[in-house]
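Survey of secondary and tertiary structure
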Amino acid sequence: MDISVLFFGVLAEITGTSRKHYRDIKSFGDLKERIRDDFPEFVHYNFRIAVNNKLVNEDPLLSPGDTVAYLPPFAGG
Amino acid sequence: MHLINGPVTPGVISEIVAKGGENQECGAHSLFLGQVRRDQVDGKFVRAIEYSVYEEMVIPEADKIFKSIMSEFDDVKTIEIIHSKGLVKAGEISLLVMVSAGHRDHASKACAKAVELIKKKLPIWKKEIFEDKSGQWRGNE
């Protein structure tokens, strides 16, 4: 399935983009591995995951066309 | 909740305060203004903060904050939140929260609680920009 991935804060700076599309994704675990291969530096950072603008736990079920966001710790205010 | 490009200006602040007067059931408005601080880090001064926001998520998360405050403090009538995105210089305002209530007790407690929730729950990030134009991402301690 096709998945859009959004990156924010320091993670957007590492990737050099705020959005990237991934094709032929089988599961969230599969997506996680692809992102880890593309951006090995991510291992040094804390982040949470949102799917379609909602925070999710460790291993969410993905559907075609979903948007997955990588969110570093929030720092508003 | 509103996002604005750049600082929350004195003009915007006075508009919000004036709007508070429209609700004549209220006897108290508690106003919080968050300002960009000219911190010194490793001998360099912060010149500005660059805010980035996950806009599709920030509005529903702010709605959850409104609901949580309204259910905890039953005297609260309205809550206004304005947060900056983009560049805000040291000394400028990046966050406004105004809570209007029947009486001062709930107004001030609810305002403090709203600010805590905004810092914890809203998907917003800040990068400190120093006078030499270098930068560093910063979390909320």
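Residues numbered from 1 in each chain as written. Chains lettered and ligands numbered in written order. Predicted model: local features only at pLDDT ≥ 70, side-chain atom pairs only at ≥ 80, totals over all residues.

**Concerning the overall build of chain A**
- For chain A, the helix and strand inventory stands at two helices and five strands.
- Helices (α) and strands (β) of chain A occur, in sequence order from the N terminus, as β-α-β-α-β-β-β.
- Computed over C-alpha atoms, the radius of gyration of chain A comes to 12 Å, within 12% of the 11 Å expected from 2.2 N^0.38 for 77 residues, which places it in the range of a compact globule.
- Taken along its principal axes, the extent of the C-alpha atoms in chain A is 35 × 25 × 20 Å.
- For chain A, the proportion of its 77 residues judged to be buried stands at 26%.
- Counting contacts in chain A only where the partners sit at least 6 residues apart, residues at least 24 apart contribute 56% of the total. (Helix = DSSP H or I, 4+ residues; strand = E, 2+ residues; numbered from the N terminus. Rg over C-alpha atoms; globule rule 2.2 N^0.38 Å. Buried ≥ 20, exposed ≤ 12 C-beta atoms within 10 Å, placed from the backbone. Contact = placed C-beta atoms within 7 Å.)

**Let's talk about the overall build of chain B**
- Within chain B, the secondary structure is distributed over three helices and eight strands.
- In chain B, the succession of α and β elements from N to C terminus is β-α-β-β-β-α-β-β-α-β-β.
- For 141 residues, the compact-globule estimate of 2.2 N^0.38 gives 14 Å, and the C-alpha radius of gyration of chain B, at 16 Å, lies within 12% of that figure.
- C-alpha extents for chain B along the principal axes are approximately 50 × 25 × 25 Å.
- When burial is assessed residue by residue, chain B has 30% of its 141 residues classed as buried.
- For chain B, long-range pairs separated by at least 24 residues make up 76% of all intrachain contacts whose partners lie at least 6 apart in sequence.

**Section: the environment of B:I13**
Residue and element names in this part refer to chain B.
- When you line up the elements, I13 lands in helix α1 (residues 10-20).
- Taking the C-alpha atoms as reference points, I13 and L33, separated by 20 residues in sequence, lie 9.1 Å from one another.
- Not counting residues up to four positions away in its chain, the partners in contact with I13 are V8 and L96.

**Thoughts on the confidence of the model for chain B**
- With 99% of its residues at a pLDDT of 70 or more, chain B has an overall mean of 96.
- Quick note on the complex model: pTM equals 0.94, ipTM equals 0.93. (pLDDT = per-residue confidence, 0-100.)

**Quick notes on the interface of chain A and chain B**
- Each partner contributes residues to the interface: chain A has 13 residues there, and chain B has 22 residues.
- Of all the secondary structure elements, the ones that give two or more residues to the side of chain A that touches chain B are α1 (9-15) and β5 (67-71) of chain A.
- Grouping the constituent residues of the side of chain A that touches chain B by class yields nine nonpolar, four polar and no charged. (Nonpolar A, V, L, I, M, F, W, Y, C, P; charged D, E, K, R; others polar.)

**Considerations on the sheet that holds strand β1 (residues 3-7) of chain A**
- In spatial order, the strands read β2-β1-β5-β3-β4 (chain A); together these five strands make up an open sheet with mixed pairing. Strands at the two margins of the open sheet, each flanked by one partner only, are β2 (19-22) and β4 (54-55) of chain A. (Pairing = 2+ DSSP bridges.)

**A closer look at the packing of helix α2 (residues 55-72) of chain B against helix α3 (residues 104-121) of chain B**
All names here are of chain B.
- Between α2 and α3, the least distance of the axes is 10 Å, while the angle of their chain directions is 150 degrees. By the angle between their axes, α2 is roughly antiparallel relative to α3. Note that α2 runs across α3; the crossing there is right-handed. Residues E61, I65, S68 and I69 of α2 form the contact with α3, whose participating residues are A110, K113, A114, L117, I118 and K121.
- Of the residues in the contact of α2 with α3, the class split is six nonpolar, one polar and three charged. (Axes fitted to C-alpha atoms, helices over the stretch in contact; angles between N-to-C directions. Parallel < 35°, antiparallel > 145°, perpendicular 65-115°, else oblique. Left-handed = near helix turned anticlockwise from the far one by under 90°.)

**What about the nonpolar core?**
- In this structure, A:F8, A:A69, A:Y70, B:V97, B:V99, B:A114 and B:I118 are the most contacted members of the largest nonpolar core, which totals 48 residues.
- Excluding residues that lie within four positions of it along the chain, B:V97 makes contacts with B:F32, B:I81, B:C111, B:A114, B:V115 and B:I118. (Core = buried A, V, L, I, M, F, W, Y, C linked by C-beta atoms within 7 Å.)

**As for the environment of A:D37**
- With respect to the secondary-structure elements, A:D37 resides in helix α2 (residues 28-38).
- Taking the C-alpha atoms as reference points, A:D37 and A:P72, 35 residues apart in sequence, are found 19 Å from one another.

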